[in-house]
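# Examining the three-dimensional arrangement
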Amino acid sequence: MITRLTADRQACAWQTALAEAITDPEALIRRLNLDPGLLSAARLAAQRFRLQVPESYVSRMHPGEPHDPLLRQVLPLQGEFEAAPGFVEDPVGDLDAMAAPGVIQKYAGRALLITTGACAIHCRYCFRRHYPYGQASAGRSRWPETLAWLRSRPDIHEVILSGGDPLMLTDGELAAMTRDLARIDHLRTLRVHTRLPVILPERIGQDLIDWLTGTRLRPVMVIHANHAQELDASTCSALAALDRAGVRLFNQAVLLRGVNDSVAALGDLGEALFESGVQPYYLHLLDPVSGAAHFAVKEAPALAIMKALAAQQPGYLLPRLVREIPGAPGKSSLTEAGYHT
Ligand SMILES: *Cc1c(COP(=O)(O)O)cnc(C)c1O
Ligand code: SF4
């Protein structure tokens, strides 16, 4: 009874925090004592892709600091209107890789499910910012078709819950989904890609841990943290709870100009992840999505940063620098050039 009450209270807490997220550029600018001159561009850019950021994430930003690495990830800027050749609406070819309702299958053995279009935060660099979610998610009504497709594919061993952010669904919905997946014999691993342990750590409650670890499927979670400042005591305890429950934790980050494009920032991120029990996995070059060109870091400086990083920290903290090339059989590694040489 006591656990039940605690779980319910937790569910309320994250849903309330989401409902109260800042969506008005003026409120964000006021909350952080920023130059009101930023407002008109922020309003315009937010019309294309809405501003959305929960208070718990805002509280980790430094007031009065327009270059704050967390603020830059969420504040709509004039730069989003710059035309940039090669920056397109569907940069990774997801719409061509739809195998069944809500299923993207590009790589051997793994299938990715678009479970929802919703996210707790709107990241300005997001490659799915123009994604037609309504038509594309593995929604309730077409779920039997999705399951039938998975059953017909014995070569698939891992299901990746993605979105949007899958942890925007309720634990009840996710528990039901997971139970259905666990009944498919050839599936072995359940992977969740989510930014919620970072953005809204109160989302990680006992009910979540119960469905994630409660079947025969091996639980893996890939969190998306881009900067050490995103990780604080509350994210650390959420991640520790997952770690204790046996969930294998990895991080993938996006290399973003003005956010984490330095040896110091990435070194600190690796250390902070390690302290939270999370293994650095991928560092993505930005997908060239229209509206995000101002975040792009070119290949040569990216490799130079990796080389310097490799020279100063243990290999197990070094993420793999990758980019996504439509049609490739996996993420394409940029390490071949060799940042040790
Ligand atoms: C990135 C991605 C995966 C996972 O790739 P890993 O290298 O296993 O992390 C799977 N499917 C799709 C469609 C992806 O974009
Ligand atoms: S949480 Fe992920 S999917 Fe959602 S806006 Fe951010 S980068 Fe995009």
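Residues numbered from 1 in each chain as written. Chains lettered and ligands numbered in written order. Predicted model: local features only at pLDDT ≥ 70, side-chain atom pairs only at ≥ 80, totals over all residues. Heavy atoms only, no water.

- By the naming in an unreviewed UniProt entry, the chain is L-lysine 2,3-aminomutase, taken from Ectothiorhodospira haloalkaliphila.
- According to the UniProt record, the Catalytic activity (unreviewed entry) comment for the chain is "L-lysine = D-beta-lysine".
- What UniProt records for the chain under Sequence similarities (unreviewed entry) is the sentence "Belongs to the radical SAM superfamily. KamA family." (UniProt positions renumbered as here; feature names shortened; annotations may be inferred.)

### Re the UniProt feature "binding site: [4Fe-4S] cluster" (unreviewed entry) in the chain
- In the numbering used here, UniProt assigns the feature "binding site: [4Fe-4S] cluster" (unreviewed entry) to C119, C123 and C126.
- Position of C119 among the secondary structure elements: in the loop between β3 (110-114) and α6 (133-136).
- Those residues in contact with C119 that lie beyond four places of it in its chain are Q52, G164, D165 and M168.
- Locating C126 in the fold gives a position in the loop between β3 and α6. (Helix = DSSP H or I, 4+ residues; strand = E, 2+ residues; numbered from the N terminus. Contact = heavy atoms within 4.5 Å.)

### Section: the packing of helix α8 (residues 171-182) against helix α10 (residues 206-213)
- Between α8 and α10, whose axes approach to 9 Å, the crossing angle comes to 10°. Between α8 and α10, the crossing angle belongs to the class labelled roughly parallel. Here D171, L174, A175 and T178 of α8 come into contact with α10, specifically with D207, L208 and W211.
- Of the residues contributing to the contact of α8 with α10, the split by class is 4 nonpolar, 1 polar and 2 charged. (Axes fitted to C-alpha atoms, helices over the stretch in contact; angles between N-to-C directions. Parallel < 35°, antiparallel > 145°, perpendicular 65-115°, else oblique. Nonpolar A, V, L, I, M, F, W, Y, C, P; charged D, E, K, R; others polar.)

### Points about the side chain of S332
- Secondary-structure assignment places S332 in strand β10 (residues 332-333).
- Residue S332 is classed as buried on the basis of its relative accessible area of 18%. (Buried < 20%, exposed > 50% of the residue type's maximum accessible area, 1.4 Å probe, protein only.)

### So, the domain arrangement of the chain
- Domain annotation for the chain reports domain 1 (4-81) and domain 2 (95-340).
- Domain 1 and domain 2 are separated by 22 Å when their C-alpha centres are compared.
- Between domain 1 and domain 2, the contact holds 33 residues from the first and 36 residues from the second.
- Together, the buried faces of domain 1 and domain 2 total about 2,800 Å²; carbon and sulfur atoms form 54% of this surface. (Domains from an automatic or database assignment. Buried area = accessible area lost by both parts, 1.4 Å probe.)

### So, the site of ligand 1
- Around ligand 1 sit I104, K106, Y107, R110, L112, I160, R191, Y281, Y282, E324 and K331, and those are all the residues in its vicinity.
- A distance of 2.6 Å separates an oxygen atom of ligand 1 from a polar atom in the side chain of Y281.
- At 2.8 Å from an oxygen atom of ligand 1 is found a side-chain nitrogen or oxygen belonging to K331.
- Here ligand 1, which alone exposes 390 Å², has 91% of that area covered by the protein.
- Breaking the shell around ligand 1 down by element, the ones donating at least two residues are β3 and β8 (279-285).
- Each residue belonging to the shell around ligand 1 can be placed in one class, and the counts come to 6 nonpolar, no polar and 5 charged. (Near = heavy atom within 4 Å. Polar contact = N/O pair within 3.5 Å; in protein donor to acceptor, adjacent residues only side chain to side chain. Areas by Shrake-Rupley, 256 points an atom, 1.4 Å probe, with all protein chains shown as cover.)

### Details of the nonpolar core
- In terms of nonpolar packing, the biggest core is built from 96 residues, with L28, V53, L181 and L242 touching the most fellow members.
- Counting residues per element, this core draws most heavily on helix α13 (residues 299-310), which supplies 6 residues.
- Among all residues touching V53, those that are not within four sequence positions of it are A21, I22, L28, V58, M61, V74 and I121.
- Judged by nonpolar contacts, the second largest core, of 5 residues, contains A97, I104, L112 and I160. (Core = buried A, V, L, I, M, F, W, Y, C linked by side-chain atoms within 4.5 Å.)

### Some points on the site of ligand 2
- The immediate surroundings of ligand 2 are formed by C119, I121, C123, C126 and R195.
- Split by residue class, the shell around ligand 2 holds 4 nonpolar, no polar and 1 charged.

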